[in-house]
Amino acid sequence: GAVVSQHPSRVICKSGTSVKIECRSLDFQATTMFWYRQFPKKSLMLMATSNEGSKATYEQGVEKDKFLINHASLTLSTLTVTSAHPEDSSFYICSARTGTGAEEQYFGPGTRLTVT
Amino acid sequence: AQSVTQLDSQVPVFEEAPVELRCNYSSSVSVYLFWYVQYPNQGLQLLLKYLSGSTLVKGINGFEAEFNKSQTSFHLRKPSVHISDTAEYFCAVSFYGGSQGNLIFGKGTKLSVKP
């Protein structure tokens, strides 16, 4: 149980285009989902926290107009990188909590974004 | 401010040798503690967690960790490593009463197991 999927696993896009990444909780309802960014050989940096049906809470320094997050249902959150640039190339990982009070987050397999 | 420190960025070790990956945290409130493993180009997999109770926690793949409140540490150990344990290991904490249980990660320790 507690499986989180991400789609796509890899994406290459041209500079200036937008890319959408999906995060799904497959066998549980996720009241809260998190989006992380991981730079090469670096730790995970929390970008934003999203709750179903409400606006995401962005961490300091993360541009909310560039990284659009939507959490439309209890099993799906999306991250859209708008007007992507090469510096947006990174590994994006989502995670989800069940909201039952447990503190554990279940992580997706990640999405490798390359902007050319 | 809360923080997590993984003192070793890289730990090389020979197969079947014991290993300890160190993790220290700084917090003025009680914490939950986690160790995650990340294989190349993959997401994070939970190895073990400490929420409450016994300070010695056993996880998957033969790993264990001990919560030491006085030393604010949560070191990860395995008595005998395998080649397949080669991966990046992340220590993480979340804080009682913290905003929605956000995790704070250490910078990671790359474990390289050599034959």
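Cut-offs used in this document
Residues numbered from 1 in each chain as written. Chains lettered and ligands numbered in written order. Predicted model: local features only at pLDDT ≥ 70, side-chain atom pairs only at ≥ 80, totals over all residues. Heavy atoms only, no water. pLDDT = per-residue confidence, 0-100. Helix = DSSP H or I, 4+ residues; strand = E, 2+ residues; numbered from the N terminus. Buried < 20%, exposed > 50% of the residue type's maximum accessible area, 1.4 Å probe, protein only. Pairing = 2+ DSSP bridges. Contact = heavy atoms within 4.5 Å. Salt bridge = Lys/Arg side-chain N within 4 Å of Asp/Glu carboxyl O. Polar contact = N/O pair within 3.5 Å; in protein donor to acceptor, adjacent residues only side chain to side chain. Nonpolar A, V, L, I, M, F, W, Y, C, P; charged D, E, K, R; others polar. Disulfide = S-S within 2.5 Å.

A. Examining the confidence of the model for chain B more closely. When pLDDT is averaged along chain B, the result is 90; 95% of the residues meet or exceed 70. Within chain B, strand β3 (residues 19–21) of chain B carries the highest mean pLDDT (98), whereas strand β11 (residues 104–105) of chain B carries the lowest (88).

B. Broad picture of the pairing of strand β9 (residues 90–97) of chain A. Residues and elements named next belong to chain A. For β9, the buried fraction is high: eight of the eight residues fall into the buried class. The sheet contact formed by strand β4 (residues 32–38) and β9 spans seven bridges and is antiparallel. Looking at the pairing, Q38 lines up with F91 of β9. Two elements, β9 and strand β10 (residues 106–107), share two bridges in a ladder whose sense is antiparallel. Residue pairing across strands places A96 opposite Y106, the latter belonging to β10.

C. Molecular detail of the interface of chain B and chain A. The interface of chain B with chain A comprises 19 residues on the first partner and 22 residues on the second. Linking chain B to chain A there are zero salt bridges. Counting every contact that joins chain B to chain A gives four residue pairs in polar contact (both at pLDDT 80 or more). Listed by contribution, the elements that provide at least two residues to the side of chain B that touches chain A are β5 (31–38), β6 (44–50) and β10 (87–95) of chain B. In terms of residues, the side of chain B that touches chain A owes the most to one element, β5(B), which gives four residues. Tallied by class, the residues present in the side of chain B that touches chain A amount to eight nonpolar, nine polar and two charged.

D. How the structure looks around the state of the cysteines. Residues and elements named next belong to chain A. Summed over the entire model, instances satisfying the criterion amount to two disulfides over all chains. Note that C23 is cross-linked by a disulfide to C94, the S-S spacing being 2.0 Å. Judged by the sign of its S-S torsion, about 80°, the cystine formed by C23 and C94 is right-handed. Remark: C94 occurs in strand β9 and C23 occurs in strand β3 (residues 19–25); sequence separation between them is 71 residues. Looking at C23, the relative accessible area reads 0%, which means it is buried. A relative accessible area of 0% means that C94 is categorised as buried.

E. Quick peek at the side chain of B:Q38. Summarising the element assignment, B:Q38 is placed in strand β5. Classification of B:Q38 by relative accessible area gives buried; the value is 8%. Within the structure, the side chain of B:Q38 is placed 2.9 Å from the side chain of A:Q38, a separation counted as a polar contact. Apart from residues lying up to four places away in sequence, B:Q38 is in contact with A:Q38, A:F91, A:I93, B:G43, B:L44, B:A87, B:E88 and B:F90.

F. Here's a closer look at unusual backbone geometry. Here A:H7 and A:P8 are connected by a cis peptide whose omega angle stands at 0°. Tracing the backbone through its elements, the reader meets A:P8 in the loop between β1 (4–7) and β2 (10–13). Notably, A:S83 is not glycine yet its phi reads approximately 45°, a positive angle. Inspection of the secondary structure puts A:S83 in the loop between β8 (76–81) and β9. In this model, B:E16 sits at a positive phi of 75°, which is unusual for a non-glycine residue. Looking at where B:E16 falls in the secondary structure, it is placed in the loop between β2 (10–14) and β3.

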